[in-house]
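Residue strings, one per chain:
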Amino acid sequence: MKTSKLRFHLTLLFILSSLILWTGCSSQKEDNSSEQISSDFNQKVQTYYEASPENFVFKSIEDLPQDLKWEDGNDLPDIGSPNAKKGGTYYEYIPDFPRTLRYVGTDANGSFRSEILDYNRVSLIHLHPNIPERFYPGLAKEWAIDWETHTIYLRLNPEATYSDGVPVRTDDFFFLFYLRQSPHIQAPYSNNVFKFGTYFTKITKYDDLTFSITIKSTKPDMLSFAALSPVPQHFYQGFGENFITDYQWQFEPTTGAYTIRPEDVEKGQSIIMRRNKNWWAKDLKFFRNRFNYDKLHYEVIRDPSKAFEAFLRGDLDAGRMTSPEQWYEKLPDNHPLVETGFIHKITFYNEIPRPTWGLRINSYQPLLNNRDIRIGINYACNFGLINKEFFRGDNERLRTVADGYGEFSHPTLKARPFDVEKALEYFAKAGFNERGADGILVNEQGQRLSFSLTTGYKRFEAAFTILVEEAAKAGLELKLDIMDHTTSFKLISEKKHQIHFVGMIVGLNMYPDYWQGYHSDNAINEDGTAKPNTNNFTITNDNEIDALIDRYRDSSDKEEIKQLSHLISEKLHDYAAFIPGWVAPFYRTAKWKWVHFPDDFNVRQSLRHREYRVDWFEGNEREETLRALKTGKTFEKTIQVYDQYKRN
Amino acid sequence: MRLNPLTQKKLKRFYTLKRGYYSFLIFAILLGFTVIGELLVNNRALIVSYNGKLYFPTYTAQKPGTLFGETYSYEANYRELKEKFKTEDQGNWILMPIVPYNPFENDFRENEKAARPPSLAQQHFLGTDTTGRDILARLFYGFRTAMIFALGFMAFVYFVGITIGCAMGYFGGVFDLFVQRLIEIWSNIPFLFIVIIIASIIRPNLGILLFITAIFSWTSITYYMRTGTYREKARDYVAAAQLMGASTPRILFQHILPNILSTLVTFMPFTIAAAITSLTALDFLGFGLPAPSPSWGELLRQGTGNLYAPWIVMSAFCAMVTILVLITFIGEAIREAFDPKKFTTYQ
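Quantities reported herein were computed from a predicted structural model and do not represent experimental measurements. (Residues numbered from 1 in each chain as written. Chains lettered and ligands numbered in written order. Predicted model: local features only at pLDDT ≥ 70, side-chain atom pairs only at ≥ 80, totals over all residues. Heavy atoms only, no water.)

Caption draft 1: Quick look at the overall build of chain A. From N to C terminus, chain A includes 19 helices and 27 strands. Computed over C-alpha atoms, the radius of gyration of chain A comes to 26 Å, within 12% of the 26 Å expected from 2.2 N^0.38 for 648 residues, which places it in the range of a compact globule. Along the first, second and third principal axes, the C-alpha atoms of chain A reach 80 × 70 × 45 Å. With 648 residues in all, chain A has 63% of them scored as buried. Considering only intrachain contacts with a sequence separation of at least 6, the fraction spanning at least 24 residues in chain A is 75%. As presented, chain A carries roughly 25000 Å² of accessible surface, and 48% of it is formed by carbon and sulfur atoms. Computed over 80 positive and 90 negative side-chain charges, the inter-centroid distance for chain A is 4 Å. (Helix = DSSP H or I, 4+ residues; strand = E, 2+ residues; numbered from the N terminus. Rg over C-alpha atoms; globule rule 2.2 N^0.38 Å. Buried < 20%, exposed > 50% of the residue type's maximum accessible area, 1.4 Å probe, protein only. Contact = heavy atoms within 4.5 Å. Areas by Shrake-Rupley, 256 points an atom, 1.4 Å probe, with all protein chains shown as cover. Lys, Arg positive; Asp, Glu negative; His and termini not counted. Charge placed at Lys NZ, Arg CZ, Asp CG, Glu CD.)

As C-alpha cells, then:
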C-alpha cells in the first residue's frame, strides 16, 4: 500500500488536479506582526527569494495584465446534499498509528496522510469530482489563464484563514516553494517537483492576495498545476535541518475543516479530528454540505477482522468491504443485521483513472529482455481465473497501462488472455522448446524458464498462488515471494526484481503520464545500469516509445495528445513488459442505517465513501437504532447498487 | 545389536506403559506415511493403464496430457482422465491415491465457492481452503515439513548443546565461566525479533528457519549437560580412564556421555513438540515458510480469518492437538521408563 500511496501522492503532486501540498498559514510579511515573529528566519527566506529573482518575482498590482479572463467555477453544481446536517462523532478505524503528523519527509506517506491532507485541506482550486476537467474554487476566489505565457493568475479569497486564525496570503505560496525545495525535508521527489524548471518556472507576487504561477510549457490541463496549497510560514519559524524530528508530531495549521489538537492525539491508540466551528469555508458553495461531523474519531485496530467485528457491534459507523470474503461470507445479504435493515450494503460504481494493478516485468534482466519471452509470460498469466475465483467475478481485467482516462485511454486494446498454446509458441520462439522433468520449459543451454514473482501484497496471496499454478501449465515457473511493503518497494525501486506485482494508484489526471513509467530517462543510467528510484519498474527502454512520449509531453493540442496516448498504449502493449491485472470498477461500503449519504450516494470520482466527506448523521439516530436493535424492531432491508457511472 | 541390559529394562518398561506405547506406534505409523506420502496424497495416478501399457507416474518426470490422448502439453490431469476412461470404456483405467490432490493445486468447481466443506463425493475429506486447495493434502504435507523441521531441529540443538555443555562441565574453570556468560547473553537475544527482521530481508526457507530457530534454542541443553558432566567427572571411572591415557574426546563421549544421556532422552519428545509449535507459530504470524508451502500455521491463520468456513480451522486445530497429545504421551512414558528412581545404578 505504501507503494501505491507514495505514487498516489507523487502523482497528485504534479501533473494534475489534486496537487495538494501543504496546509499552512500565511507568513506575516508586510504587516506589523512580521516584526514580532523572529525575523532571522524570515530574513533567511527573503534572501533565498532574492537569490533567484527570475523565479521569485515581486511586482505591483499595476503590473497585472488587464485583459485577463477571470473564471470562478461557481456555475458548477454543489457537492453533497443540501439535506446534510452537522454534528455527531464518526468512528473509524486505522490499522496503524501514523508515524508522523508531518505532511512531507520521512514516513509522511502513510495512509493517514489522506485523512489529514487529501480529504481535509482546501487548496487554491479543486477538480470537480462530478464534472470532468472543471475546477471549483478553494482558497482562490477566481483565476485566469494566459495560454501564451503559460501563466495562471490567481486571486485569493480574502476570508481564507488557517485553523489558527491567520489569514492565507500570497507569501505562503512563495514559502511553499521555499520549503519544498529545501533539502531539510528529506524528500528528493518533492524537491524535484518544486525545483524551478521541472514543472514550474516562476511565481510572481502582485499583492497579498494576487499572484501568478508560470509553468514550463502550455498544457491542456495547465490549470491542474494551480491546485497548490500554501505553507504557513509563521508556523515554520523553527524550520531547519532538524525539520524531520522537530515537526514530527506537530499538526500544521490547516485550511481544511478539521484540525488535530495535541490533546487529541493518543499515541498508538487514537486520534480525534475536530471540526473548526469557525471554519472560513463553512458557508461556501462547494463546502457547505460537506465535513458534517463534529468529530472524527480514529481508533487503532490492528486486525481487520477485529475491526469488522467492531463494526458489527456498532462501534464503527461504516466500513469499506474490500475483500470478497467480507462482502459475501462475513456479511452476506441474508445476515441478520442486513436482513433487518440495521446495516445497509452499498455498491458504488465510480469513474476514475484506474490503479494499475499488474505485473511489471524487469525487461533489463537476462531472458526477460527477450520480447518473445515477455509476450509468452503475458499469455501464461491467468488473471481471468483470479477474477473469476478470487474476486468472485466482480473484478474486470485491466486492459492497458492507462485505463479510466476517458477518451485518452485506448478504446479497443485488450490485455492478452490466458492461452497456454500461444504462450508455448512464444517461449519456443525464444528457444524454450522442451519441458523438463517437472514440466518447466528448458532451452538448449539447460536454462529453466523460471523467474521470481515478488510482491508486497499479502492480502492477495491466494490470487498469486492461482497465477503460479496456472503459469506452470505453460511451462513457466514463477517463484512466489511475498514480502512486506517496505522491502518490496525497496526491491523495485532498486530495480532488482524480475517480475513484480504492484498496484499504482494514480491521481485524477486528465490524461495518463507515460514518462514516469515508460521513458528511458527513468530506465537506464549513463553507465548502462538500471536507474534506481524511478517509477519505470519495467525498465522500458525503447527509442520509438521515447520519441512518442517526448512528443506527447511537449504537445499542447488535446487531439494530438489523445492520438499519441492511444499510440503509446499500443506500443507498450507490444513491448509487453506490463501485464495488466485487474480493476475493480466500484467500491463497496457497509454502513449502519444512521449514516446518511446524498441521493446519488457519492461523487463520480470518489475512491471510497468517506473521501469527499458528504455523509452525515440525523440527530441521535444512532442511539435510537441501537435501542431498536435490543427491542427487536426491524427496518427496511437496503442493498443498493449505484451504477450511474458504470461504463458499458 | 546387543543392548545394554539397563537399556533393555527401560525399553521393557516403556512397552508396559500402554498409553505411551500405543501413542508411539500411531506416531511411528504417521511418520511412515509421510515417507511414502506421494503414494497416498497426490494428484498423480499410482498406475495408469493406457492402450495396453502401464505407467507409474508418481515418482517419474511429469507426463504431458498428450501422452494419454489429451490435447494439452502440460501435466496430465489424472482425475479427469479417470472419468474420461470410465465413460469411454475402452479398457483403459487409472488407480488414484486415496487423496487424489496435491497440496498446491486449486480445485475450482463451476458455481461452487472455493472453500467447500468436507465431501466424500469430491474426495475432499476435510474440505477445501479459500483457494480450493485440499485441506487434508495440505495438512499431510504440512505435517511432513513440520517433522523434518522438528527432527532437524532436535539434531542440531542436541549436537551443539551436548558438545558445548560437556566441554563446559569437563574443562570447568575459566572456560566454563566465560562460556556461561556468553550463553547468558545469547539467550537474552529476542528470538522472535530476529526472525521477523530476517524474514523481512530474505525469503526464509526451511533450512534458514531451522537454523535461526535452532541457534537460539541450544542453550538450555547445555545446563543439563554441564551439571551432568561436572558430577560424572568427579567419579573414579573417569579418573581411571584418564590414568589409562584416554583422550579427552574419548572420555567425554565414550565414558561420561552415556551416563548422562538418559536425562536428555526424556527431553526429546518435548523438544519435538516445541519445534512443531514454533514452526506453526511462525507460519501463523506470517514469518514462516513462504507461500504457497503447505503448513499448519498457514491453515490456522486462514481458518481463524475465515470462520465462516469452520472446517479449515477445525482440521488444523484437531491435527495439531492430536500430534501434540501423542508426543506428550510418548514423552511421559519415556520419562517414566527412564526414571532413575526405579532403576538406579547406585545402591
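Further notes follow.
Caption draft 2: Layout of the interface of chain A and chain B. Chain A puts 27 residues into the contact, and the matching count from chain B is 23 residues. Between chain A and chain B, the buried area comes to about 2200 Å², and carbon and sulfur atoms account for 51% of it. Area buried by chain A at its contact with chain B is led by Glu329(A), Glu389(A) and Glu469(A), which between them contribute 22% of it. The tally of links from chain A across to chain B stands at two salt bridges. The tally of links between chain A and chain B comes to six residue pairs in polar contact (both at pLDDT 80 or more). Broken down by secondary-structure element, the contributors of at least two residues to the side of chain A that touches chain B are helix H9 (324–330), helix H12 (383–390), helix H13 (420–429), helix H14 (461–473) and strand E20 (477–482) of chain A. Here the residues of the side of chain A that touches chain B are counted per class, giving eight nonpolar, three polar and 16 charged. (Buried area = accessible area lost by both parts, 1.4 Å probe. Salt bridge = Lys/Arg side-chain N within 4 Å of Asp/Glu carboxyl O. Polar contact = N/O pair within 3.5 Å; in protein donor to acceptor, adjacent residues only side chain to side chain. Nonpolar A, V, L, I, M, F, W, Y, C, P; charged D, E, K, R; others polar.)

Caption draft 3: Here's a closer look at the pairing of strand E7 (residues 200–207) of chain A. All names here are of chain A. Bridge analysis of strand E1 (residues 56–58) against E7 gives three bridges, and the strand direction is parallel. Each bridged residue has a counterpart across the sheet, and for Phe56 the counterpart in E7 is Ile203. Bridge analysis of E7 against strand E8 (residues 210–215) gives six bridges, and the strand direction is antiparallel. When the sheet's bridge partners are listed, Ile203 is paired in E8 with Ile213. (Pairing = 2+ DSSP bridges.)

Caption draft 4: Up close: the confidence of the model for chain A. Residues with a pLDDT of 70 or more make up 94% of chain A, whose mean pLDDT is 88. Note that pLDDT drops below 50 for residues 8–36 of chain A; the model gives that stretch 141 contacts with residues more than four away or on any other chain. (pLDDT = per-residue confidence, 0-100.)

Caption draft 5: Expanded view of the packing of aromatic side chains. Per the counting criterion, the structure on display carries 88 aromatic pairs over all chains. Relative to Phe243(A), the ring of Tyr236(A) lies with its centre 6.1 Å away and its plane at 45°, an arrangement referred to as tilted. Exposure remark for Phe243(A): the relative accessible area of 0% places this residue in the buried category. Both rings, one in Phe464(A) and one in Phe501(A), keep their centres 5.0 Å apart while their planes meet at 65°; by these two values the pair is edge-to-face. Of this pair, Phe464(A) sits in helix H14 while Phe501(A) sits in strand E21 (residues 499–504), and the two are 37 residues apart along the sequence. Assigned by exposure class, Phe464(A) and Phe501(A) land together as buried. Lying over the aromatic face of Phe286(A), Lys285(A) brings its terminal NZ or CZ to 5.5 Å of the ring centre. Here Lys18(B) stacks its cationic end above the ring of Tyr15(B), 3.9 Å away from the centre of that ring. (Phe/Tyr/Trp six-rings, centres within 6.5 Å; stacked < 30°, edge-to-face > 60°. Lys NZ or Arg CZ within 6 Å of the ring centre and 35° of its normal.)

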